[in-house]
Amino acid sequence: MKIGIGNDHVAIEYKKEIWAYIEETYGYEVVNFGTDRPERFNYPIAGEAVANAVVSGAVDKGIVICGTGVGISLAANKVNGIRCVTCSEPYSAQLSRQHNDTNMLAFGARVVGIELAKMIVDAWLSGEYEGGRHQTRIDMIREIEERQCEK
Ligand code: RB5
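What comes next is a walk through the structure.

What counts, and at which threshold
- Residues numbered from 1 in each chain as written.
- Predicted model: local features only at pLDDT ≥ 70, side-chain atom pairs only at ≥ 80, totals over all residues.
- Heavy atoms only, no water.
- Near = heavy atom within 4 Å.
- Polar contact = N/O pair within 3.5 Å; in protein donor to acceptor, adjacent residues only side chain to side chain.
- Areas by Shrake-Rupley, 256 points an atom, 1.4 Å probe, with all protein chains shown as cover.
- Buried < 20%, exposed > 50% of the residue type's maximum accessible area, 1.4 Å probe, protein only.
- Helix = DSSP H or I, 4+ residues; strand = E, 2+ residues; numbered from the N terminus.
- Pairing = 2+ DSSP bridges.
- Phe/Tyr/Trp six-rings, centres within 6.5 Å; stacked < 30°, edge-to-face > 60°.
- Lys NZ or Arg CZ within 6 Å of the ring centre and 35° of its normal.
- Axes fitted to C-alpha atoms, helices over the stretch in contact; angles between N-to-C directions.
- Parallel < 35°, antiparallel > 145°, perpendicular 65-115°, else oblique.
- Left-handed = near helix turned anticlockwise from the far one by under 90°.
- Contact = heavy atoms within 4.5 Å.
- Nonpolar A, V, L, I, M, F, W, Y, C, P; charged D, E, K, R; others polar.
- Salt bridge = Lys/Arg side-chain N within 4 Å of Asp/Glu carboxyl O.

**Let's talk about the site of the ligand**
Step number 1: What surrounds the ligand is the set Asp8, Val10, Tyr43, Cys66, Gly67, Thr68, Gly71 and Arg110.
Step number 2: A distance of 2.7 Å separates an oxygen atom of the ligand from a polar atom in the backbone of Gly67.
Step number 3: Here an oxygen atom of the ligand and a backbone polar atom of Gly71 are 2.9 Å apart.
Step number 4: Protein chains bury 73% of the 290 Å² of accessible surface belonging to the ligand in isolation.

As structure tokens, this is what we get:
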């Protein structure tokens, strides 16, 4: 399993801690698409880079972090095929995998403490997509993307 990780300047230390946590806890390879420099870094760059890596199959899933998790998730969700959830608690993270087959997770370094963030990551990584009735809705989301491409 390969996880793409991305962040802006607000979330550098957070990214490093989550990166180490995933490697130590799960033994997954983590690929870094975020900034490691303190200068301002526009979050859409990292959101798009991780999203493209997920869609191309270069990584299996993506985790993106900015101040709130909102901006970077909005950018990621502009990439066709991405279903990125912004979470502040583990319940939505797990359900987003089970029901929405999310392939990216976002959270805010200024919103959730690092231990809660690890719980969110655990819930999200352990959630298994259930398919069945949920696939109809996932297909409908894909159809929205296709209609947008036709415009
Ligand atoms: C950067 O100041 C901040 O806007 C960014 O980290 C994020 O919170 C945006 O959604």
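**Points about the pairing of strand β3 (residues 61-66)**
Step number 1: Of all 6 residues in β3, 6 are buried, a share of seventy percent or more.
Step number 2: Burial along β3 is two-sided: the residues Lys61, Ile63 and Ile65 and Gly62, Val64 and Cys66 are all buried.
Step number 3: Bridge analysis of β3 against strand β5 (residues 104-108) gives 5 bridges, and the strand direction is parallel. Of the residues in β5, the one forming a bridge with Gly62 is Met104.

**Describing the packing of aromatic side chains**
The geometry of an aromatic ring pair is captured by two quantities: the separation of the ring centres and the angle between the planes.
Step number 1: Taken as a whole, this structure holds 2 aromatic pairs when the rule is applied.
Step number 2: Ring centres of Tyr14 and Phe107 lie 6.2 Å apart, and the angle between their planes is 55°; this geometry places the pair in the tilted category. Residue Tyr14 is located in helix α1 (residues 12-26), and its partner Phe107 is located in strand β5; the two are separated by 93 residues in the primary sequence. Summarising the burial analysis for this pair, Tyr14 and Phe107 share the class buried.
Step number 3: Here Tyr26 and Tyr28 contribute two aromatic rings whose centre-to-centre distance is 5.3 Å and whose plane-to-plane angle is 25°, an arrangement assigned as stacked.
Step number 4: What makes Tyr26 partly exposed here is its relative accessible area of 27%.
Step number 5: One cation-aromatic arrangement involves Lys61 over Trp124; the distance from NZ or CZ to the ring centre is 5.6 Å.

**Examining the packing of helix α4 (residues 90-100) against helix α5 (residues 114-126)**
Step number 1: Contact pair α4 / α5: the axes reach a minimum separation of 7 Å and the direction vectors enclose 20°. What the angle tells us is that α4 and α5 run roughly parallel. Helix-helix and strand crossings are classified by hand; for α4 and α5 the assignment is right-handed. Contacts from Pro90, Ala93, Gln94, Ser96 and Arg97 of α4 reach α5 at Leu116, Met119, Ile120, Ala123 and Trp124.
Step number 2: Of the residues that constitute the contact of α4 with α5, the class distribution is 7 nonpolar, 2 polar and 1 charged.

**Description of the pattern of salt bridges**
Step number 1: This model, assessed by the stated rule, comprises 8 salt bridges.
Step number 2: Its salt-bridge partner being Asp36, residue Lys15 comes within 3.1 Å of it at the nearest N-O pair. Here Lys15 is found in helix α1, whereas its partner Asp36 is found in the loop between β2 (29-32) and α2 (43-56), with 21 residues between them in sequence.
Step number 3: The class for Lys15 is buried, based on a relative accessible area of 0%.
Step number 4: For Asp36, a relative accessible area of 39% translates into the label partly exposed.
Step number 5: Between Lys118 and Glu17 there is a salt bridge, with the nearest N and O atoms lying 3.4 Å from each other. You can see Lys118 sitting in helix α5 and its partner Glu17 sitting in helix α1, a full 101 residues away along the chain.
Step number 6: On the basis of relative accessibility, which here comes to 36%, the residue Glu17 falls in the partly exposed class.
Step number 7: Residues joined by salt bridges that share partners form a network here, namely Glu17, Glu115 and Lys118.

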